[in-house]
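Chain residues, written in single-letter form:
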Amino acid sequence: MTLQIDLTGRNALVTGSTRGIGRAIAGTLTDCGARVAIVGRDLERSQAVAAEVGRGAQGFAADVSDVASVVKLVADVEAAFGGVDILVNNAGLTRDNLMMRIKDDDWDAVIDANLRGAFVAIRAATRGMMKRRWGRVINITSIVGITGNKGQANYAASKAGLIGLTKSVAKELGSRNILANAIAPGFIDTDMTAAMTPEARAAMTAQIPLERLGTPADVAGAVAFLASDLAAYITGQVLVVDGGMI
Ligand SMILES: NC(=O)c1ccc[n+]([C@@H]2O[C@H](COP(=O)([O-])OP(=O)(O)OC[C@H]3O[C@@H](n4cnc5c(N)ncnc54)[C@H](O)[C@@H]3O)[C@@H](O)[C@H]2O)c1
């Protein structure tokens, strides 16, 4: 028998899945047999990506920085799929600046989307998971939530907050067979890192033992593992996917 990651019969909701890491997660979970809700702010774009992904994927629109929008998203996906078994909080944004120059709005925008958005999605989606006594919450944090980073106080705080949130959810919901873990990617080649100058990119690569930036697929593989029965005894953890960087 060949051991495989089999998510047949599982419904997954992946926020921010119209591009980058989220898009790769949606594709990999689908390849493993899950039915995936593709979520972006623009419904048409989500639907187009869902059509690309195929195999039952469906597009939804939500703004994760808006509480009501996230609550409605979970309700809509539950109505369409019959439940959410795997929740991947992937949507995230940066508003980088030196700490002294971060405006209140830039602080709030990052915390609201990256941290409160994940919390609201977890609060809404775990209700059904509790009833079904099975659930997986996977939060995409970042190595900077562990190490801190110059110019990213707001982003690092939101990602560190996600780690505390993950560990708390793991403790509260373990008895209901709901596992909560975080994945901390290092430097992954997406739109988020595309703005780096070639020099900055080279300097970054020099700090990575595997001598390359990560790919969205590198992160997606870790998500599929944590969503699967292979990870049935792992909860409250942060899995670092950074090519050995930190
Ligand atoms: N790229 C990296 O190096 C890296 C490293 C560590 C962690 N991460 C994290 O991985 C996740 C995905 O990042 P990415 O690199 O694919 O970035 P990206 O910018 O390519 O994609 C981010 C996704 O989140 C969505 N999003 C942003 N704000 C949103 C909002 N208010 N409502 C709904 N969706 C929203 C975007 O539309 C997009 O689909 C983020 O949480 C990011 O912080 C990325």
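Residues numbered from 1 in each chain as written. Predicted model: local features only at pLDDT ≥ 70, side-chain atom pairs only at ≥ 80, totals over all residues. Heavy atoms only, no water.

Right, let's get into the packing of helix α3 (residues 67–81) against helix α4 (residues 104–132). Two elements in contact, α3 and α4, have axes separated by 9 Å at closest approach and are oriented at 30°. With respect to α4, the element α3 is oriented roughly parallel. Considering the relative orientation of α3 and α4, their crossing is right-handed. From α3, Val67, Val70, Val71, Val74 and Glu78 reach across to α4, where they touch Arg116, Gly117, Val120, Ala121, Ala124, Ala125 and Gly128. (Axes fitted to C-alpha atoms, helices over the stretch in contact; angles between N-to-C directions. Helix = DSSP H or I, 4+ residues; strand = E, 2+ residues; numbered from the N terminus. Parallel < 35°, antiparallel > 145°, perpendicular 65-115°, else oblique. Left-handed = near helix turned anticlockwise from the far one by under 90°. Contact = heavy atoms within 4.5 Å.)

Counting across every chain of the model gives one aromatic pair. When the ring of Phe60 is compared with that of Phe81, the centres are 6.1 Å apart and the planes differ by 80°; the resulting orientation is edge-to-face. One end of the pair, Phe60, is in strand β3 (residues 58–61); the other, Phe81, is in helix α3, and 21 residues separate them in sequence. Considered together, Phe60 and Phe81 belong to a single accessibility category, that of buried residues. Against the face of Trp134 rests Arg10, its NZ or CZ located 3.5 Å from the ring centre. (Phe/Tyr/Trp six-rings, centres within 6.5 Å; stacked < 30°, edge-to-face > 60°. Buried < 20%, exposed > 50% of the residue type's maximum accessible area, 1.4 Å probe, protein only. Lys NZ or Arg CZ within 6 Å of the ring centre and 35° of its normal.)

A word on the site of the ligand. Around the ligand, the surrounding shell holds 27 residues, and the nearest of these are Arg19, Asp63, Asn90, Tyr155 and Thr190. In this structure, an oxygen atom belonging to the ligand sits 3.2 Å away from a side-chain N or O atom of Arg41. Note that an oxygen atom of the ligand is positioned 2.7 Å from one of the backbone N or O atoms of Asn90. Elements that contribute at least two residues to the shell around the ligand include exactly α1 (20–31), α6 (153–173) and α7 (191–194). Among the elements that take part in the shell around the ligand, α7 stands out by supplying three residues, more than any other. Counted by class, the shell around the ligand contains 11 nonpolar, 11 polar and five charged residues. (Near = heavy atom within 4 Å. Polar contact = N/O pair within 3.5 Å; in protein donor to acceptor, adjacent residues only side chain to side chain. Nonpolar A, V, L, I, M, F, W, Y, C, P; charged D, E, K, R; others polar.)

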